[in-house]
2 protein chains.
Amino acid sequence: MQEVKVGLIGFGTVGRGTAQVLYEQADRLKRRGGGNVYIKTIADIAMDSLPPHLQGITLTADANDILDDPEIDIVVELIGGTTLARTFILKAIENGKHVVTANKALLSQHGSEIFSAAAGKNVEIGFEASVGGGIPIIKSLKEGLVANRIESITGILNGTANYILSKMSDQGLSFHTALQEAQEKGYAEADPTYDIEGMDTAHKLVILMAMAYGMKMDLQDVTCEGISRLQPIDIDYAREMGYRLKLLAISRNHGDHVEARVHPTMVHKGHMLASINGTYNGVCFRGDMVEDILLYGHGAGMMATGSAVVADIIDISRNIMVGCINRVQSLSYLPEHVQERKVTPMAELRCPYYIRFSSLDKTKVLSRIAGALGNNGISIESVIQKSREAENAVPIVMTTYEASEEAVNKALAEIDSLDITTDRAVKIRILVEDHE
Amino acid sequence: MQEVKVGLIGFGTVGRGTAQVLYEQADRLKRRGGGNVYIKTIADIAMDSLPPHLQGITLTADANDILDDPEIDIVVELIGGTTLARTFILKAIENGKHVVTANKALLSQHGSEIFSAAAGKNVEIGFEASVGGGIPIIKSLKEGLVANRIESITGILNGTANYILSKMSDQGLSFHTALQEAQEKGYAEADPTYDIEGMDTAHKLVILMAMAYGMKMDLQDVTCEGISRLQPIDIDYAREMGYRLKLLAISRNHGDHVEARVHPTMVHKGHMLASINGTYNGVCFRGDMVEDILLYGHGAGMMATGSAVVADIIDISRNIMVGCINRVQSLSYLPEHVQERKVTPMAELRCPYYIRFSSLDKTKVLSRIAGALGNNGISIESVIQKSREAENAVPIVMTTYEASEEAVNKALAEIDSLDITTDRAVKIRILVEDHE
């Protein structure tokens, strides 16, 4: 049986997971016709030695020992970041090697360059592990749903943020307490900015949009709002109104332009995404033929992500063995059919809104708020106004029918400038369900 | 571009959907590198003419016009049943043609014969549409999860049964009223036996087990209990205890033997499967590397199933174009590694149980029931005994800790034979969650 040799750059969590999966599943992969795949070399600048069961593998601190090794067929880049990783991947491609990576930051920012280089050298880029950890999302989009125009993408793509929101929701914790707990359990990094401010989710959304729509993979104009300013009171009101609060990646395909946004979103409790809790991820694709498909599982973790990296390695290994490189397009569409698409400006977004006002307990407050909304063409769907404690500000919570972001922003600016509220209004978008 | 010619046998719902998907998505499929695929001939014994937009296609009443046509590369069998369909598929294989089918009944009963014949002629069998309609389940099992030992399969695989259970649960309808409504809406056939008695689900489970475990695809010893005898009272108690009642396909991989069963099951409301309502399907795979993965979507329907059939056609078309037939094994494992596995006898099953007794309002009833359970090694986890109306039988509802099916059956037979109950005890198995 032909051997397929892998070089692994980066022996952190996912690198270790990948090596472990390949080691533990070696026999199964052969029995499944995946070929005789093994790691020849691991490059890591911080390692002195490998675990005993990996002793047959060469350890080096110099990635060039992999990139320049003519025996190596597939380079697996797992160092992350967008500088060295980019250099390594471009050199691997230049040297005719296939590449597998989990690097969503890199692909979402330098994807066009990388895929163009790969097409020029007729090598493959596997990146299943870049979105949704072990869930076969990319393969499903590129192959299983090949006969669909993807109408929308709606996903929970960051386990850290979802864990924090689940904790806030289930236990009434503040954002900071929930974040601290996530850090203690190892679900959040010391600097959690990328996860909680939505950038990681945005990176993944860009990759999914590229596959779904056949558009260029560049991080551009994705509106990104994180969860760090969310307050438990809004999560409580959301629950009371039948919603769960989730950090969603949302894209809707309008043909010549596409929505691309990441923000906290109210999801009706009957929607499958509302049931996704803890560190789990899930993404819903709406295809014109299949309607809604949801894929769910662990979006991170050593072994789950390792499973996705190895699935890509085997995919490429099968192609090497039978000589059919790029049997499926890396970018889902043939390079000449990958198009530029405009991202819909946020001002043009239309959706229902949840709005909370901190009002002074004065007469006519509600009518003045409703008036300002009405003047901007916004219709109120429901109102909750509960306690009336003379000393404190009174929360007035509303949901609106579908309205434009521009109109809502204008109305809220007007209301905030009145002398009837104590604090700026809190605005949270509500997920529109296409199929209802 | 090389042409790939398809012959379609059977122009019913899925046949029409397949032709429609190929027609509507023709341009997209080319842009995605799927090749120049078109239907050359449609065989159907009941059709006089084709819809106007399909006029370029030859219509015949004789399937042999497809099977004997040397120009046809892929035969799509969509007539269903296990006699003519088997004959057609075997002849197509004999004539060197690739086959795509949605026929779960046929594959689950004659899969070994069909796959063996296909291996002999080096042709492919695509069957994504046989399980879960448009959801890319088979591809995910065979490729996305290639680096996993599948530990268990737990699925809602029949939309008709799930629709009926959802209606019973949400609106308190009786089984017969819910069935009638399903029939009126076209979600249940005039003879709904296969769907409601679990056979359809069992067929699909057999196919999934074959892919997941690398075992022979034969319908054997799958325990199958349907939903026709379920009563609203048990659904209500289930809800009160935090469970939803679902018709599940369940298989757990014990290595040399595997569980294989279809029956109404109490699913904890926090489990993703509990949130799957209406005609939707969903299947949860537990892999040793990825842990739990759930795939969800429409499990039936003209366009959704057509989408899966076309995905298979494109998969094979890509292989034809680049000359890499059977790049991925039809049976997921290489034929020489497909093994026989024993199915665990039901008596050896261990799970928690929900049991409802219709007891006479006599003293010591509870203690005698508890005694019989205890004598058989069964521990009670919770009890509900509500109303005490002198005239009527009093329901006593219990959940047990994990117990063996054999012990529970023995205990219930003992209790049923006592003079303290008015009716046979109702027993419903509770889903064990592996990860808790």
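The text that follows walks through the structure, step by step, so that each part is easy to find. (Residues numbered from 1 in each chain as written. Chains lettered and ligands numbered in written order. Predicted model: local features only at pLDDT ≥ 70, side-chain atom pairs only at ≥ 80, totals over all residues. Heavy atoms only, no water.)

Before going further, it helps to spend a moment on the interface of chain B and chain A. In this assembly, 57 residues from chain B lie in contact with 58 residues from chain A. Contact with chain A buries surface across chain B, with Arg32, Met289 and Arg327 of chain B losing the most and accounting together for 16% of the total. In this structure, the connection of chain B to chain A is made through four salt bridges. Glu143 of chain B is the salt-bridge partner of Lys139 of chain A, the closest N and O atoms lying 2.7 Å from each other. Inspection of the region where chain B meets chain A yields 31 residue pairs in polar contact (both at pLDDT 80 or more). Elements that contribute at least two residues to the side of chain B that touches chain A include exactly α1 (13-24), α2 (26-31), α6 (137-144), β13 (291-298) and α12 (302-322) of chain B. Element by element, the count of residues in the side of chain B that touches chain A is highest for α12 of chain B, at 10 residues. Across the side of chain B that touches chain A, the residue classes tally to 28 nonpolar, 14 polar and 15 charged. Of the strand pairs in this sheet, strand β13 (residues 291-298) of chain A and β13 of chain B are connected by five bridges, and their pairing is antiparallel. (Contact = heavy atoms within 4.5 Å. Buried area = accessible area lost by both parts, 1.4 Å probe. Salt bridge = Lys/Arg side-chain N within 4 Å of Asp/Glu carboxyl O. Polar contact = N/O pair within 3.5 Å; in protein donor to acceptor, adjacent residues only side chain to side chain. Helix = DSSP H or I, 4+ residues; strand = E, 2+ residues; numbered from the N terminus. Nonpolar A, V, L, I, M, F, W, Y, C, P; charged D, E, K, R; others polar. Pairing = 2+ DSSP bridges.)

Attention now moves to the pairing of strand β9 (residues 243-252) of chain A. All names here are of chain A. Burial runs high along β9: nine of the 10 residues are buried. Bridge count for strand β7 (residues 150-156) against β9 is four bridges, and the pairing is antiparallel. Bridging from a neighbouring strand, Gly155 pairs with Ala249 of β9. Alignment of β9 against strand β11 (residues 261-268), held across eight bridges, turns out to be antiparallel. The residue bridging Ile250 from the neighbouring strand is Arg261, located in β11. (Buried < 20%, exposed > 50% of the residue type's maximum accessible area, 1.4 Å probe, protein only.)

Residue and element names in this part refer to chain A. For the coordinates displayed, the defined rule picks out six aromatic pairs over all chains. Each ring, one from Phe115 and one from Phe127, has its centre 5.4 Å from the other, and the planes form 80 degrees; the classification is edge-to-face. With Phe115 in helix α5 (residues 104-121) and Phe127 in the loop between β6 (125-126) and α6 (137-144), the pair connects residues that are 12 residues apart, well separated along the chain. Each member of the pair, Phe115 together with Phe127, is buried. (Phe/Tyr/Trp six-rings, centres within 6.5 Å; stacked < 30°, edge-to-face > 60°.)

By a simple turn and slide, chain B fits onto chain A: the slide is 0.0 Å along the axis, the RMSD is 0.0 Å, and the turn is 180 degrees. Accordingly, the operation relating the two chain copies is best matched by a two-fold axis. No C-alpha of chain B approaches the rotation axis more nearly than that of Leu295 of chain B, which lies at 2.4 Å. When the interface residues of chain B are mapped onto chain A, 100% of them are again interface residues, pointing to one common binding face. (Least-squares fit on C-alpha atoms with pLDDT ≥ 70 in both.)

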